[in-house]
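The primary structure of each chain is shown beneath.
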Amino acid sequence: MTRVDELDDVESLRRLQYALHLAGEHAYGLEPPEGSASAHAELADALAGARDLTGEIAAGSELFGSDGVAPLLHEWRGALFRVRLARMRLATPDGLRPAEPEADDGIVRPLAAFLLALGGALAFVAGATIGLWPLWTLGLVGVCASILAYRP
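These numbers come from a predicted model, not from an experiment. (Residues numbered from 1 in each chain as written. Predicted model: local features only at pLDDT ≥ 70, side-chain atom pairs only at ≥ 80, totals over all residues. Heavy atoms only, no water.)

Draft legend 1. Inspection of the nonpolar core at higher detail. Counting 14 residues, the largest nonpolar core has Leu13, Leu47, Ala50, Ile57, Trp76 and Val83 as its most contacted members. Elements supplying a minimum of two residues to this core: helix 1 (3–29), helix 2 (37–64) and helix 3 (73–90). At seven residues, the largest contribution of residues to this core is made by helix 2. Aside from chain neighbours lying at most four places away, what touches Trp76 is Leu13, Leu16, Leu53, Thr54 and Ile57. (Core = buried A, V, L, I, M, F, W, Y, C linked by side-chain atoms within 4.5 Å. Buried < 20%, exposed > 50% of the residue type's maximum accessible area, 1.4 Å probe, protein only. Helix = DSSP H or I, 4+ residues; strand = E, 2+ residues; numbered from the N terminus. Contact = heavy atoms within 4.5 Å.)

Rendered as structure tokens:
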């Protein structure tokens, strides 16, 4: 690689560094929507890390050439990937985000699930002991219904 090519590469890295800096300033100036403050903070942190590492790569390339910055390339690629990942997390549609926990119903649902499981287990044991398969089946249905009645 000639010296002119290396200077062009350094200029490209400096432009990238400035673009990352501007993107970080724009992310800093936004007020995140409700529930995405951590994603915005992650993006701002990733942009700052990528900007700093891009500056180190540019300075090292200017001083030592492209071979001198080879040990930093993996770290630099990781920093740029972190920016990409943070942008993807921020752009996740609402349908794919984890649902907010439902309002607490108190003790009603857990108590109903417990009573269904207890009654189902007793009916299953009684049906199996006596030999009445309808009672045995009713016990199985009761235990299965307890699973559906309460999902933590």
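Draft legend 2. Summary view of the confidence of the model for the protein. Summing up the model confidence of the protein, the mean pLDDT is 81 and the portion of residues at 70 or higher is 81%. For the protein, the element scoring lowest by mean pLDDT is helix 1, at 71; helix 4 (residues 108–130) scores highest, at 92. (pLDDT = per-residue confidence, 0-100.)

Draft legend 3. Expanded view of the side chain of Ser146. Structurally, Ser146 is set in helix 5 (residues 133–149). Once you skip the residues sitting within four places of it in the chain, Ser146 turns out to touch Ala113, Leu116 and Ala117.

Draft legend 4. Representation of the packing of helix 4 against helix 5 within the structure. Two elements in contact, helix 4 and helix 5, have axes whose closest approach is 7 Å; the angle formed by their N-to-C orientations is 160°. Judged by the angle between their axes, helix 4 and helix 5 are roughly antiparallel. With respect to the hand of their crossing, helix 4 and helix 5 are arranged in left-handed fashion. Where helix 4 approaches helix 5, its residues Arg109, Ala113, Leu116, Ala117, Gly120, Ala121, Ala123, Phe124, Ala126, Gly127 and Ala128 are matched on the opposing element by Leu135, Trp136, Gly139, Leu140, Gly142, Val143, Ala145, Ser146 and Ala149. Residue composition of the contact of helix 4 with helix 5, grouped by class: 14 nonpolar, five polar and one charged. (Axes fitted to C-alpha atoms, helices over the stretch in contact; angles between N-to-C directions. Parallel < 35°, antiparallel > 145°, perpendicular 65-115°, else oblique. Left-handed = near helix turned anticlockwise from the far one by under 90°. Nonpolar A, V, L, I, M, F, W, Y, C, P; charged D, E, K, R; others polar.)

Draft legend 5. How the structure looks around the environment of Arg89. Checked against the element boundaries, Arg89 lands in helix 3. C-alpha of Arg89 to C-alpha of His40: the two residues are 49 residues apart in sequence and 9.2 Å apart in space. Only 2.8 Å separates the side chain of Arg89 from the side chain of Glu42, close enough to count as a polar contact. (Polar contact = N/O pair within 3.5 Å; in protein donor to acceptor, adjacent residues only side chain to side chain.)

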